[in-house]
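Listed below, chain by chain, are the residues.
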Amino acid sequence: MRACSTGYWLWITLVLACTACGDDDAKPSAPDAGKSPPSHPDAGKPTDRKNPRDAAVDAAPPDAKRDAAISDAGDASNPSTDEDASIPDHAAQLTWQRAADCPIPRFEAGSVWFRDELWVLGGFVTTDLAVTRRVDIYDPERDTWRRGPSLPGAETHFGIVADGDALIVFGGLVGGASNPTAEVWRLPLGASTWTREPDLPSARAAFAWGLLGRKLHIAGGLGADNNTDIASHIVRDLSGSAGWQEAAGLPDPRNHGGSAVLKDTLYAIAGRHVWDENAGHTTSLHSFDPVRGTWQPLAAMPGARSEISAATFTTHNGCIITVGGSTAGVKPSRDVLEYDPNSDRWRALPELPEPRKGAVAARAGRRIVVTTGSPTSTDPVSTTFVGCCLD
């Protein structure tokens, strides 16, 4: 048991915290480095993606690659690339191993955990931001991939939820990084094609979202012009409401953040302002209470970051985890951070073997699956890591 699930352990944590005052202080985010255009600053630039350890792993037989544990949290050959806060690290042992690569390299794909499998949908597949509608599905028990029905519309920056025995995709960018859409699509279980649903009230992308009961919430993100942060928060009852309703707007409007749902509460986590990936990241964390209809500010994330939309998920004991992300100066992160809503505190888990931004991550039991993303800025990879085990 941990603080995420019991008041007893919360009391123990608070007692211990009193003996280590100052450990939770966050480092300030990087100063303003100017604005970046509405595209990835490094798009099209060649980069060296290898380090000596990668060559050794790649030279091993496939089975050896997947079975060999990678424990390099302090490896000088692969240092951390971000300037995150000095938060307490009380993590249990979490060992990272290689698993079966995603069939194609990609970054900023969408993802959803559906019927004990991880769906990876769309994404950018080249350094010049070409996109794919391909869907691949990972079975963590068999360590295998299979194809899923291709996306019908947006390829990146969309929202997706599992609503009973169906998946619903909404909003996002179509045809690259510059065309927001209002389209909504549904894929019933076992179907091979998506069916069109009523559109959103307006086009938007890179927002926070969550399904509270059967009420779908969408908050913040980039507006229809693809260059404005919007506070708009819309809600639709999927059980049969007449349409979309307005709710309290997201404080600190932003995009490219993470979101999660715990106990009928929606959390909007970090993100960035417009397309400023150099210095526009934020540490903001807010929760929305649908009963009160209000947002509440919570403990700031240690280290400002964005591009964690598909790499944010909940744990078996009521916490939220974010993996990687883009930090100041367009630097991918190796961080694995856990937020406990009961204590309103963050802690660090053992880092990824390599930095990642725009990755896909999900929980499979007590394991963490992390796949795809970019270790640089716009170089897509297909690598999959599995971390075991969450306490």
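Counting restarts for each chain, with residues numbered from 1 along the sequence as it is written. Confidence filtering applies because this is a predicted model: local features only for residues at pLDDT of at least 70, side-chain atom pairs given and counted only at 80 or more, and all residues used for totals across whole chains, interfaces and linings. Derived side-chain values reflect all non-hydrogen atoms in the structure, with water molecules and hydrogen atoms excluded from consideration.

Engineer: What's the story with empty space enclosed by the protein in this structure? I'm lost.
Structural biologist: Picture a little ball the size of a water molecule; that probe, rolled over the atoms, points out where space is still empty. With a 1 Å grid spanning the protein atoms alone, the term cavity applies to any set of points in which a 1.4 Å probe fits but cannot get out, the term pocket to an open set with protein on both sides within 12 Å along at least five of seven lines, and the term lining residue to any residue with an atom within 4 Å of a point. Grid points are joined across faces, edges and corners, and a volume is the space filled by probe spheres set on the points. Per the counting criterion, the structure on display carries 3 cavities of 30 Å³ or more. Empty space within the largest cavity amounts to approximately 170 Å³. E108, A109, H157, S309 and A310 are the residues nearest the centre of the largest cavity, which is lined by 16 residues in total. Classes in brief: Ala, Val, Leu, Ile, Met, Phe, Trp, Tyr, Cys and Pro nonpolar; Asp, Glu, Lys and Arg charged; the others, Gly included, polar. A breakdown of the residues in the lining of the largest cavity according to their chemical character gives 8 nonpolar, 6 polar and 2 charged. Approximately 60 Å³ is the volume attributed to the second largest cavity. Lining the second largest cavity are 13 residues, and of these A208, L250, R254, G257 and A270 sit closest to its centre. The element best represented in the lining of the second largest cavity is strand β16 (residues 265-272), accounting for 3 residues. Among the residues forming the lining of the second largest cavity, the class breakdown is 8 nonpolar, 4 polar and 1 charged. For helices the rule is a DSSP run of H or I covering at least 4 residues; for strands it is a run of E covering at least 2, with both sets numbered from the N terminus onward.

Engineer: What am I meant to see in the pairing of strand β8 (residues 166-170) here?
Structural biologist: Regular strands have side chains that alternate between both faces of the sheet. Of all the 5 residues making up β8, 5 are buried; the element is thus mostly covered by neighbouring parts of the structure. Every second residue of β8 is oriented toward a common face, with A166, I168 and F170 on one face and L167 and V169 on the other, all of them buried. One bridge is not enough; two strands pair if DSSP finds at least two bridges between them. Strand direction decides the pairing type here: strand β7 (residues 159-163) and β8, joined by 5 bridges, are antiparallel. Paired with D163 across the bridge in β8 is A166. Taken together, β7 and the strand that follows it, β8, pair antiparallel across an intervening segment of 2 residues, in which G164 is found at a positive phi of about 65°. Taken together, the 5 bridges between β8 and strand β9 (residues 184-188) define a ladder with antiparallel strand orientation. Residue I168 lies in a different strand from β9, and its bridge partner there is R186. The cut-offs for exposure are 20% and 50% of the maximum accessible area for each residue type, with area from a 1.4 Å probe on protein chains only; residues under the lower value are buried, those over the upper are exposed, and the others partly exposed.

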